[in-house]
Amino acid sequence: MAAMVLATARLLLRGSGSWRRSRLRSGAPPHRQSRSGSASANVPLSSPLPGVPEPVFATVDGQEKFETKVTTLDNGLRVASQNKFGQFCTVGILINSGSRYEAKYLSGIAHFLEKLAFSSTDRFNSKDEILLTLEKHGGICDCQTSRDTTMYAVSADSKGLDTVVGLLADVVLHPRLTDEEIEMTRMAVQFELEDLDMRPDPEPLLTEMIHEAAYRENTVGLHRFCPTENIAKIDREVLHSYLRNYYTPDRMVLAGVGVEHEHLVECAKKYLLGTQPAWGCERAVDVDRSVAQYTGGVVKLERDMSNVSLGPAPFPELTHIMIGLESCSFLEEDFIPFAVLNMMMGGGGSFSAGGPGKGMFTRLYLNVLNRHHWMYNATSYHHSYEDTGLLCVHASADPRQVREMVEILTKEFILMAGTVDVVELERAKTQLMSMLMMNLESRPVIFEDVGRQVLATRSRKLPHELCTLIRYGPRSLLRRLGCASGCRPTKPWEGVFFPSPQPLHVGSSADKELLHYSVKPEDIRRVASQMLRRKPAVAALGDLSDLPAYEHIQAALSSRDGRLPRIYRLFR
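Calculation criteria
Residues numbered from 1 in each chain as written. Predicted model: local features only at pLDDT ≥ 70, side-chain atom pairs only at ≥ 80, totals over all residues. Heavy atoms only, no water. UniProt positions renumbered as here; feature names shortened; annotations may be inferred. Phe/Tyr/Trp six-rings, centres within 6.5 Å; stacked < 30°, edge-to-face > 60°. Helix = DSSP H or I, 4+ residues; strand = E, 2+ residues; numbered from the N terminus. Buried < 20%, exposed > 50% of the residue type's maximum accessible area, 1.4 Å probe, protein only. Lys NZ or Arg CZ within 6 Å of the ring centre and 35° of its normal. Pairing = 2+ DSSP bridges. Axes fitted to C-alpha atoms, helices over the stretch in contact; angles between N-to-C directions. Contact = heavy atoms within 4.5 Å.

- The name an unreviewed UniProt entry gives the chain is Mitochondrial-processing peptidase subunit alpha, with Zalophus californianus as the organism.
- Per UniProt, the chain has the following entry under Function (unreviewed entry): "Substrate recognition and binding subunit of the essential mitochondrial processing protease (MPP), which cleaves the mitochondrial sequence off newly imported precursors proteins."
- Listed under Subunit (unreviewed entry) in UniProt, the entry text for the chain is "Heterodimer of PMPCA (alpha) and PMPCB (beta) subunits, forming the mitochondrial processing protease (MPP) in which PMPCA is involved in substrate recognition and binding and PMPCB is the catalytic subunit."

And the structure:
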């Protein structure tokens, strides 16, 4: 053993010695010329090599290199595309239909059509056959309905564009709607309604309730989910009567991202032009063109929330309140100030982690959640449609502190029309632009943005144009174009080319003029004051024994300080 240790030590010493001798022999590295004999090795890496052409590097100017192209076919259907690098594409059909158009029908048709999407058609005998066809191109499919839009979408390899468009056309225009599929859909709708009532997250139900309160029995206030009593009443004949009026080419947009526009137009002409749908080619005669009428009001749902989430650490019993006021449509100039105001309010859950990017410096965090530890949630939402809008705040707390929570919310609404700090305003603008650009990095989100904008305005504003609107405001853009106030279009976003935002140098007279037209604190105060003149919409869920009367909430929002009227009781 000792011999082995001694031998190992000698080897190590011999190796270290040889290594040391080689280092002494080598000294400084000798100068070596390149194969061509030049002395390029002496040129530092921070300097260009002599005799080598100057390289041209890619530059980023903040603009998308692909424009959104729009073509209208002879039948009125619009084809919109946005090219994008990559192997895969997202293609879909967006339709101007949804729950807001069900005033003359059984409520819940749009909900049924969402569940029936991608079922059997004239060409495909089952949903499995559709999925196998998409699988050959690495594709997935989805259908979503909202209050004003129905969207059928597929993401797949770009080489299968012809197959994808043909499949979409068959799914939208030639569904079989068999008795078996309708019965399965009834079961799916019933399950979703039960899940909606039992889930711990109350936001979908509260959103439904606040719309019902704000637009009583009209347009966007109609039920988005199928009522239980209508599940058994909706059949193939009812669905065809609705499809005949609202699934028409002039109410559709075929949108694609990651495809060549000419190829998409060819596929649209092949599969969507001159085809007869399953419900016949009768002319639509019963289209609802009603404009949303804001009414205000209250919708209450008393419910025991103590057993919503059972387990080792059960969720505490909470009462949820949402207060909303009418804002404006996304076609109006004030849409940008309202969007900035919504970001300025911000908020979230009391256990949300993160930094300024998560809204920790927004008003609902600083003024509400950071000061009142007993509040579990305070979040601002902004819903905007083509003829109206709704800005609302959702809050959650223990049922015994509902009155105090409501008063805190009414005070925050009043403060919206008060002093607005320039720093918080610029932070809200930056957050809004950051959120916009981050979301538009995703191909499916770009597809939805292209389709919805073209469906609503027949054109699309690119991200840099939207950032210009946020940074400078719409009036500054019109000013850049030399438009006087008399030539401003009725819809300020339509048909106007928006130049890209340039770096702001306040020293120049042009940029001082842009600052003059940008969204300023007085714009926020103006839109907030305008909003506070309307009746509030209130949605309440849970134990509502301490909920203030609707008239008291309305009085608080009409006061100067937002305080609820005091109640004096002889007995408690």
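Picking up after the structure, the text goes on.
### Focus: the packing of aromatic side chains
Step number 1: Using the criterion set out here, one finds eight aromatic pairs in the structure.
Step number 2: Measuring from centroid to centroid gives 6.3 Å for Tyr105 and Tyr246, while their planes differ by 70°, and the two rings are edge-to-face. You can see Tyr105 sitting in the loop between strand S3 (88-95) and helix H2 (109-116) and its partner Tyr246 sitting in helix H7 (residues 236-246), a full 141 residues away along the chain.
Step number 3: Given a relative accessible area of 16%, Tyr105 falls into the buried group.
Step number 4: On the basis of an interplanar angle of 85° and a centroid distance of 6.2 Å, the ring pair of Tyr247 and Trp279 is categorised as edge-to-face. Taken as a pair, Tyr247 in the loop between H7 and strand S6 (252-257) and Trp279 in the loop between helix H8 (261-272) and strand S7 (297-302) lie far apart in primary sequence, 32 residues in all.
Step number 5: With relative accessibility at 3%, the residue Tyr247 sits in the buried group.
Step number 6: Members of the aromatic cluster, joined through ring pairs, are Tyr101, Tyr105, Tyr242 and Tyr246.
Step number 7: When the ring centre of Tyr101 is taken as reference, the NZ or CZ atom of Arg100 above it lies at 5.6 Å.
Step number 8: Looking at Arg224, its charged tip hangs above the ring of Phe225, at a distance of 4.5 Å from the centre.

### A short note on the sheet that holds strand S11 (residues 389-397)
Step number 1: Spatial strand order, S7-S12-S8-S11-S10-S9: six strands in an open sheet with mixed pairing. Two strands in the sheet have a free side with no partner beyond their single neighbour: S7 and strand S9 (347-349). Taking the axes of each pair of neighbouring strands and ignoring which way they run, one obtains an average angle of 20° across the sheet.
Step number 2: Pairing geometry for strand S8 (residues 319-326) and strand S12 (residues 537-542), over five bridges, is antiparallel. Directly across from Gly324, in S12, lies its bridge partner Ala537.
Step number 3: Packing of helix H6 (residues 203-214) onto the sheet brings it into contact with S7, S8, strand S10 (377-384), S11 and S12, and relative to S12 it is tilted by some 145°.

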